Structure formats: structure tokens, C-alpha cells
Amino acid sequence: MNMRKWRNKFIICFMIVFVFLSGIFYINRKSIGYVLDYLYFIRVVETNSFRLNTIPTLDTKQIYLNKIMNCKNDREFLNDLIEFYFNYETKGHFNIIDVDSYHRIHQVYKNLIQDKRISKNNWNYKKLMDKEVFDSYSKLGKDTPCLHEENDRGVDCYEDKEFFVIEFHSFDISMLNSLAQINEELQDFHGDKIIIDISDNEGGSDIVWEKLVSYLSGADYRYKSKITGHGKTSKKYVESYGIDVQGSESKFSYIDCIDIQSEKLFNFKKVYLIMGDKTFSAADSFARFSKSTGFATVIGKESAGFGTGLDPMLLKLPYTNVLVMLDSVGKYPETTKPTYQLNNIWIKDVEQYIVTNNI
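Predicted, not measured: the structure shown is a model, and the values here were computed from it. (Residues numbered from 1 in each chain as written. Predicted model: local features only at pLDDT ≥ 70, side-chain atom pairs only at ≥ 80, totals over all residues. Heavy atoms only, no water.)

A.B. asks: When you look at unusual backbone geometry in this model, what are you seeing that I'm missing?
C.D. replies: Most peptide bonds adopt trans geometry, and most residues besides glycine take a negative phi value. For the peptide bond that leads from Tyr332 to Pro333, omega is -10°, which places it in the cis range. Secondary-structure assignment places Pro333 in the loop between strand E12 (329–330) and strand E13 (340–341). Of note in this structure, Lys116 is not a glycine but carries a positive phi near 60°. Assignment of secondary structure puts Lys116 in the loop between helix H5 (99–114) and helix H6 (123–129). Of note in the backbone geometry, Phe306 takes a positive phi value of approximately 65° without being a glycine. When you line up the elements, Phe306 lands in the loop between strand E9 (297–300) and strand E10 (313–316). Classification of Phe306 as buried rests on a relative accessible area of 5%. (Helix = DSSP H or I, 4+ residues; strand = E, 2+ residues; numbered from the N terminus. Buried < 20%, exposed > 50% of the residue type's maximum accessible area, 1.4 Å probe, protein only.)

A.B. asks: What is the right way to look at the layout of surface pockets in this model?
C.D. replies: Summary: where empty space remains is shown by rolling a probe the size of a single water molecule over the atoms. Taken as a whole, the second largest pocket holds about 690 Å³ of empty space. Lining the second largest pocket are 24 residues, with Arg117, Asp206, Ile207, Glu210 and Gly309 positioned closest to its centre. Elements that contribute at least two residues to the lining of the second largest pocket include exactly helix H9 (206–216) and strand E7 (251–260). (1 Å grid on protein atoms, 1.4 Å probe; cavity = no way out; pocket = protein on both sides within 12 Å on 5 of 7 lines; lining within 4 Å. Points joined across faces, edges and corners; volume = space filled by probe spheres on them.)

A.B. asks: Is there a simple way to explain the sheet that holds E7 in this structure?
C.D. replies: Taking strand neighbours across the sheet as the criterion, the four strands line up as E6-E7-E5-E12 in an open arrangement whose pairing is antiparallel. Single-partner strands in this sheet number two, and they are strand E6 (246–248) and E12. As judged from the two bridges shared by strand E5 (residues 221–229) and E12, these two strands associate in the antiparallel manner. Across the sheet, the residue bridging to Thr228 is Gly330, located in E12. Across the face of the sheet, H9 comes into contact with E5 and E7 while running at roughly 35° to E7. Against the sheet, helix H11 (residues 282–293) engages E5 and E7, with an angle of about 125° to E5. (Pairing = 2+ DSSP bridges. Contact = heavy atoms within 4.5 Å. Axes fitted to C-alpha atoms, helices over the stretch in contact; angles between N-to-C directions.)

A.B. asks: I'm lost on the pattern of salt bridges in this one. Help?
C.D. replies: Two side chains carrying opposite charge are able to pair once their charged atoms lie near each other. Throughout the structure, instances matching the rule amount to 15 salt bridges. Between Glu83 and Lys67 there is a salt bridge whose closest N-O contact spans 2.8 Å. Of the two residues, Glu83 is situated in helix H4 (residues 74–85) and Lys67 in helix H3 (residues 58–69); the sequence distance between them amounts to 16 residues. We note a salt bridge from Asp284 to Lys331, for which the minimum N-O separation is 3.3 Å. A residue pair is termed long-range when its members are at least 10 positions apart, and Asp284 in helix H11 and Lys331 in the loop between E12 and E13 qualify at 47 residues. Neither residue differs from the other here; Asp284 and Lys331 are each classed as buried. When salt bridges that share partners are traced, they join Lys67, Asp80 and Glu83 into one network. (Salt bridge = Lys/Arg side-chain N within 4 Å of Asp/Glu carboxyl O.)

A.B. asks: Teacher, can you tell me more about H9 here?
C.D. replies: Each full turn of the α-helix corresponds to 3.6 residues, which orients residues three or four apart in the same direction. Here H9 lies mainly inside the structure; eight of its eleven residues are buried. Elements in contact with the buried residues of H9: strand E3 (163–168), helix H8 (179–186), strand E4 (193–197), E5, E7 and H11. Where H9 begins, one side-chain oxygen reaches toward the backbone nitrogen of Ile207, 3.1 Å away; that side chain belongs to Ser205. (Polar contact = N/O pair within 3.5 Å; in protein donor to acceptor, adjacent residues only side chain to side chain.)

A.B. asks: Just to check I follow, could you spell out the nonpolar core for this structure?
C.D. replies: Soluble globular proteins tend to bury their nonpolar side chains together. If you look at the biggest cluster of nonpolar residues, it comprises 93 residues, and the most contacted ones within it are Phe41, Phe168, Ile194, Ile196, Phe286 and Phe295. Among the elements that line this core, the one with the most residues is helix H2 (residues 29–48), at eight residues. In contact with Phe295, not counting residues within four places along its chain, are Ile196, Val213, Leu216, Ser217, Tyr221, Val271, Phe286, Phe289 and Ser290. Counting eleven residues, the second-largest nonpolar core is a separate cluster that includes Val165, Ile195, Tyr272 and Leu342. (Core = buried A, V, L, I, M, F, W, Y, C linked by side-chain atoms within 4.5 Å.)

A.B. asks: Would you mind showing me how to read the sheet that holds E9 here?
C.D. replies: Hydrogen bonding along the main chain pairs the strands of a sheet, whether they run parallel or antiparallel. Across the sheet, which stays open at both edges, the six strands sit in the order E2-E3-E4-E8-E9-E13 with mixed pairing between neighbours. Unpaired on one side and paired on the other, strand E2 (155–160) and E13 mark the two borders of the sheet. In terms of strand pairing, E3 meets E4 through five bridges, oriented parallel. Across the sheet, residue Glu167 finds its bridge partner in E4, namely Asp197. Against the sheet, H8 touches E2, E3 and E4, its axis set at about 170° to E3. Sitting on the sheet, H11 touches E4, strand E8 (270–275) and E9, and the angle it makes with E8 is about 140°.

Written as C-alpha cells, this is what we have:
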């Protein structure tokens, strides 16, 4: 770990020297700001991201440094930074927040505040509501390249003989509004088997599935898991939640505790969770919780992983106020394996598998 720190410091120092040798004092103030943001981005990502499989070579960093130095405006800087970002490889959450994503996440956190799910002291909420950040994204317009496509599907639910099937395509916070519809339809369900399909669910908010559990089960749950991380900023982020963190900046850990109290609406004993290789983030957390607590029988394929119970961390670049999202912490193993391995996870086939094997 000390060698890693030394290497990171050497790279940053080298690049700063390169900037000065390249005549940085003779370019305009905006270019200096872009360069400083670029160097900050490299340092904060490489010292705080939980998992980076590949980082750019020093030669690549120098090539993009030259491009950044010649940026004429914030739009060019953001485009070049996004292009540079693709030289990193990671399995987890890692994005430069583009304009469309900013406004979407901004609204999500406003809803969380309105529903009293988080406080106004929340780290990410404060970054999103920062006036300088809001103004910067407003000036950028609406045609910045998007880094990911949002799944616009939500929830499908229907009765199929003795099964009631709930397909969650996302755990976006807006899915909370769908739970009332699910509860209403369950009132007329006379079977005893619930199937929850999260095989193509790439995550969202843990609040959604925790609420779902409180509705479907008559039991209360307490689930604990060990979460680890490294980096000064990551440690501060975790501590901002009032979490008792053990260890130093080079390596720290804490116990994530999920408490769910039953709403006493239903008490289904036969709940089945279908997961797949796209089950990611909050959906992976749900799969891990279900398997560990026995809330549901987990069927399907190994997940994509990276569910930790803590939202990815948002960081603000000091000059341009662009936001960066990355995993501050993680778990081992990263992925979750089902109790029953099944490659064909179409609903009808899963139903047949359950009946045939009497599980």
C-alpha cells in the first residue's frame, strides 16, 4: 500500500512539473483551472476508488494533459475528461456526471429529502445542491454525451396460477410509488408463492427493496455485513453518515447493518428471488440479503455484484464544479451466488423448476 501511495504521488508530481515545463504560466487562467481539475481527478480517483482494474499509463495521461491544456471552454474540458475516463476499467460505480445525469440525480435526492429518507447534511445531497455545481451544469446545456442509458421500465406484476410475479427492472427511488399498486393487487391473490425477478435490475436505492420486504414478510430482520475501503476522502465520506469506522486511511472497514421492521401487511412464506448476471448494486444487495436471511429462495445466475448498502460517493472538481461518482467502499466477495444455480431464468421455466423440485 505504501508503494502504491508513493507511485501515485510520483505520477502527480511528475505531471505538475510537466505542466510548468510546458509553459503553463503563459496560458490563460481557464486552462490552469482545467489542468488542476484534471490532476485532481486522477489523484482522487486512483487513491479512493474501491476497485480499479486498469489505470491509464503515464504516456496516456500526458497525451490528455496536452488536450486539457488546449481546452477553450468547459464543454471541451468535460468532453475530453469523459474521453480520458474511458481509459480506466472498473467493475463498480464510476462515472463523470453528465448534464442529463446531473438533473436526474438532483431530482432523486430532492425526493429523498421530501420523503425524509435522508437529511440535508447528506454528503451527496450537499454536492448536488451546491449553487456553483448547479450553475455550472446549467451553463453546459443539455447535449453533453451521456455515459449510460437509463432503464425507463419500472415494475411489472401479475398473477400466474399459484404464483404472483413481481418484475423489478430498476430500484430507482420512484419505484416506491409502485408498491401501493403491488399491495392492492396482492389483496386479491389467493396463492402462496411470490416470485420477485431482479435478473435485469442494475440497481437504484436500497430503500425500495427494504420497503418491499417490510410489506411481504411478517418477520423483522437485522442483517450485518463487513464493508471495506481505502483513501482519505472515502473514509470521510463514510464517516459523514455517522458510521463507526475502524482502521486508517490506507485501509478501513465497518459493519453495515440493515434493520427492517414488518408492516404486517402480508406474511408470505414462499418467496423466490430470480437473479442474473445483470443484477447489480442495490439489486445485488437485495440478493445477498435474501440469501443470508432466508427472506427468499434465491435462484438463477451469479450477480454482477457491488451492492454495499451505501450510495456511491459524489466528488466535485474544484474549478469546473463537475461531479464524479465512484465507489468509496466495497465488499468481499463482490458478487452474490444464488442458492440454486439455473441458467434458464425465464419466469415460466423458473416456476416449473420450483414446482418440479418442490422448493
